[in-house]
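These are the residues of each chain, in order.
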Amino acid sequence: MKLITDPNLPDPDGFYAELLAAHRGLSDPESQALNARLILILANHVGDRKALTEALALARGR
């Protein structure tokens, strides 16, 4: 699986608003924990190790 980096979300602004709402009222540690859980849930859904490795490198700016 090749990592999709072109826009692929039907409603990116709506998702961004939902993501911000999920963090509303959380402390920094709670927000970081939510992000970590979300990443692991989505990584499990993707299930392709090469795509996940590529995503990690992209996120780090490599």
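These lines cover the structure that appears in this document, whether it is placed above or below. (Residues numbered from 1 in each chain as written. Predicted model: local features only at pLDDT ≥ 70, side-chain atom pairs only at ≥ 80, totals over all residues. Heavy atoms only, no water.)

### Quick look at the overall build of the protein
- Along the backbone of the protein there are 3 helices and 0 strands.
- Listing every helix and strand of the protein by position from the N terminus yields α-α-α.
- Expected size for 62 residues packed as a compact globule is a radius of gyration near 11 Å; at 13 Å, the protein overshoots this value by more than 25%.
- Residues classed as buried in the protein amount to 10% of the 62 residues present.
- By element, 60% of the accessible surface of the protein is carried by carbon and sulfur atoms, the whole surface being about 5500 Å².
- In the protein, 7 side chains carry a positive charge and 8 a negative one; their mean positions are 11 Å apart. (Helix = DSSP H or I, 4+ residues; strand = E, 2+ residues; numbered from the N terminus. Rg over C-alpha atoms; globule rule 2.2 N^0.38 Å. Buried < 20%, exposed > 50% of the residue type's maximum accessible area, 1.4 Å probe, protein only. Areas by Shrake-Rupley, 256 points an atom, 1.4 Å probe, with all protein chains shown as cover. Lys, Arg positive; Asp, Glu negative; His and termini not counted. Charge placed at Lys NZ, Arg CZ, Asp CG, Glu CD.)

### What to know about helix H2 (residues 28-46)
- Spanning 19 residues, H2 covers 27 Å between terminal C-alpha atoms, matching the ideal 27 Å at 1.5 Å per step.
- Phi turns positive one or two residues past the end of H2, at Gly 47, with a value near 70°. (Expected span 1.5 Å × (residues − 1).)

### Thoughts on the environment of Asn 44
- Along the polypeptide, Asn 44 turns up in helix H2.
- Judged by its relative accessible area of 64%, Asn 44 is exposed.
- Sequence separation of Asn 44 and Gly 61 is 17 residues, and the distance between their C-alpha atoms is 23 Å.

### Regarding the layout of surface pockets
- As a volume, the largest pocket reaches approximately 1000 Å³.
- Together, 24 residues line the largest pocket, and Leu 3, Ile 4, Leu 42, Val 46 and Ala 55 are the ones closest to its centre.
- Elements represented by at least two residues in the lining of the largest pocket include exactly helix H1 (12-23), H2 and helix H3 (49-59).
- Looking at which element gives the most residues to the lining of the largest pocket, the answer is H2, with 7 residues.
- Looking at the lining of the largest pocket, its residues break down into 19 nonpolar, 4 polar and 1 charged. (1 Å grid on protein atoms, 1.4 Å probe; cavity = no way out; pocket = protein on both sides within 12 Å on 5 of 7 lines; lining within 4 Å. Points joined across faces, edges and corners; volume = space filled by probe spheres on them. Nonpolar A, V, L, I, M, F, W, Y, C, P; charged D, E, K, R; others polar.)

### Observations regarding the side chain of Ser 31
- Mapped onto the elements of the fold, Ser 31 is located in helix H2.
- Ser 31 sits in the buried class, given a relative accessible area of 16%.

What is shown is where atoms sit, not what they do.
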